[in-house]
Amino acid sequence: MTYIQSLLCRLSIAVVLILELAIAPQATAVQQTLKQTLPPPPPNNPGSSAAGGRRSASTCPQDAIAATTDPLLTALSPTTTPGLSLAEHPTFLVYVPSTSAENAEFSLRSRDGRGIYRTTVPLTDTPTLISISLPDQVAPLEIGSLYTWSFAIICNPDNRIEDQFVTGSIQRIELNPVRLSQIEQSPPARRIALYQEDGIWYDALTLLFELKRSQPDDLSIDTTWREFLQSGGIDSTIDSNLDQ
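Thresholds applied
- Residues numbered from 1 in each chain as written.
- Predicted model: local features only at pLDDT ≥ 70, side-chain atom pairs only at ≥ 80, totals over all residues.
- Heavy atoms only, no water.
- Helix = DSSP H or I, 4+ residues; strand = E, 2+ residues; numbered from the N terminus.
- Buried < 20%, exposed > 50% of the residue type's maximum accessible area, 1.4 Å probe, protein only.
- Contact = heavy atoms within 4.5 Å.
- Areas by Shrake-Rupley, 256 points an atom, 1.4 Å probe, with all protein chains shown as cover.
- Phe/Tyr/Trp six-rings, centres within 6.5 Å; stacked < 30°, edge-to-face > 60°.
- Core = buried A, V, L, I, M, F, W, Y, C linked by side-chain atoms within 4.5 Å.
- Pairing = 2+ DSSP bridges.
- Axes fitted to C-alpha atoms, helices over the stretch in contact; angles between N-to-C directions.
- Polar contact = N/O pair within 3.5 Å; in protein donor to acceptor, adjacent residues only side chain to side chain.

## Remarks on the overall build of the protein chain
Okay, step 1: Secondary structure assignment for the protein chain yields 5 helices and 8 strands.
Okay, step 2: Per-residue burial over the protein chain gives 38% buried out of 244 residues.
Okay, step 3: For the protein chain, contacts bridging at least 24 residues in sequence account for 65% of all contacts bridging at least 6.
Okay, step 4: Put simply, the protein chain shows about 14,000 Å² of open surface, and 54% of that area lies on carbon and sulfur atoms.

This is the structure in structure tokens:
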């Protein structure tokens, strides 16, 4: 390499270093701006919770002082595996702790992130257990497909990055006609047991929720409810006797 070539090479390296130093602060500023404007990622599960039903580890900022030892915002979805359902238009349940927020948002997405359904849910008389059913106008869930749903408390409508939210997963399956007929012809308590045998989480949960509301004084139903939530890794103190 000649002296001139060596000199040009050194000059090129120096120019690159100068440009990197000049650009770095600008890149950092852009990253900070993105952090402030992009919505938060799905929350990690606290403690021993795993994929499936996820729950937020905090409350809305304005509710922090009033926070108690009551259950956290919780998606009633299994914490280790996707919850199964036979329903074309299933029902989802979420526990909402005491909050001053006025609204929440429910959304359902396909595995590839495609939006399926979204709706605003008014929040009144919290703490409460809220049920959201997928409307008949929405295309039925596809058999074998995995979906993710989320429920977000809108703490600050002007800054959605403050949302506190939880997620769950659901997969629709089908049973052979003989088994399906056996389940459909069984009384409610037996139907719940059969659903559990086949891991049909959402259908069993929905039926249990209906029984709890229609027969609030039946201790056997209350026991089944607590055991069912426990089996899915969910706080069994969540009580569906709360008004909705």
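Past the structure itself, the notes keep going.
## What to know about the packing of aromatic side chains
The description of an aromatic ring pair uses the distance of the two centres, along with the angle that the planes make with each other.
Okay, step 1: In the structure shown here, the tally under the stated rule is 6 aromatic pairs.
Okay, step 2: Ring geometry for Phe106 versus Trp149: centroids 5.9 Å apart, planes at 35°, classification tilted. Pair noted here: Phe106 is in strand S4 (residues 103-110) and Trp149 is in strand S7 (residues 146-153), with a separation of 43 residues, a long-range link. Here Phe106 matches Trp149 in class, with each residue buried.
Okay, step 3: Following the ring pairs from residue to residue traces out a cluster consisting of Phe92, Phe106, Tyr117, Trp149 and Tyr202.

## Looking at the nonpolar core
Okay, step 1: Core analysis: the largest hydrophobic core is formed by 50 residues, its most contacted members being Leu76, Phe106, Leu108, Phe151 and Ile153.
Okay, step 2: No other element matches helix H4 (residues 201-214), which puts 8 residues into this core.
Okay, step 3: Non-local contacts of Leu76, meaning those with residues more than four positions away in its chain, are made with Leu93, Val94, Tyr95, Leu129, Trp149, Trp201, Tyr202, Leu205, Trp225, Leu229, Ile234 and Ile238.

## Here's the deal with the sheet that holds S7
Okay, step 1: Pairing is mixed in the open sheet, where 5 strands are placed in the order S2-S8-S7-S4-S5. Unpaired on one side and paired on the other, strand S2 (83-85) and strand S5 (115-122) mark the two borders of the sheet. Each neighbouring strand pair of the sheet contributes to a mean axis angle of 25°, computed without reference to strand direction.
Okay, step 2: Taken strand by strand, H4 contacts S2, S7 and strand S8 (164-172), and its axis lies near 80° from that of S2.

## Focus: the side chain of Thr99
Okay, step 1: Tracing the sequence through the fold places Thr99 in the loop between strand S3 (91-96) and S4.
Okay, step 2: Within the local environment of Thr99, its side chain forms a polar contact with the side chain of Asp63, the two groups lying 2.6 Å apart.
Okay, step 3: Those residues in contact with Thr99 that lie beyond four places of it in its chain are Cys60, Asp63, Leu123, Thr126 and Ile153.

## Description of the pairing of S7
Okay, step 1: With respect to burial, S7 is a largely interior element, 6 of its 8 residues being buried.
Okay, step 2: In terms of strand pairing, S4 meets S7 through 7 bridges, oriented antiparallel. Bridging across to S7, Ser107 finds its partner in Ser150.
Okay, step 3: Note: S7 against S8, 8 bridges, orientation antiparallel. Paired with Ala152 across the strands is Phe165, a residue of S8.

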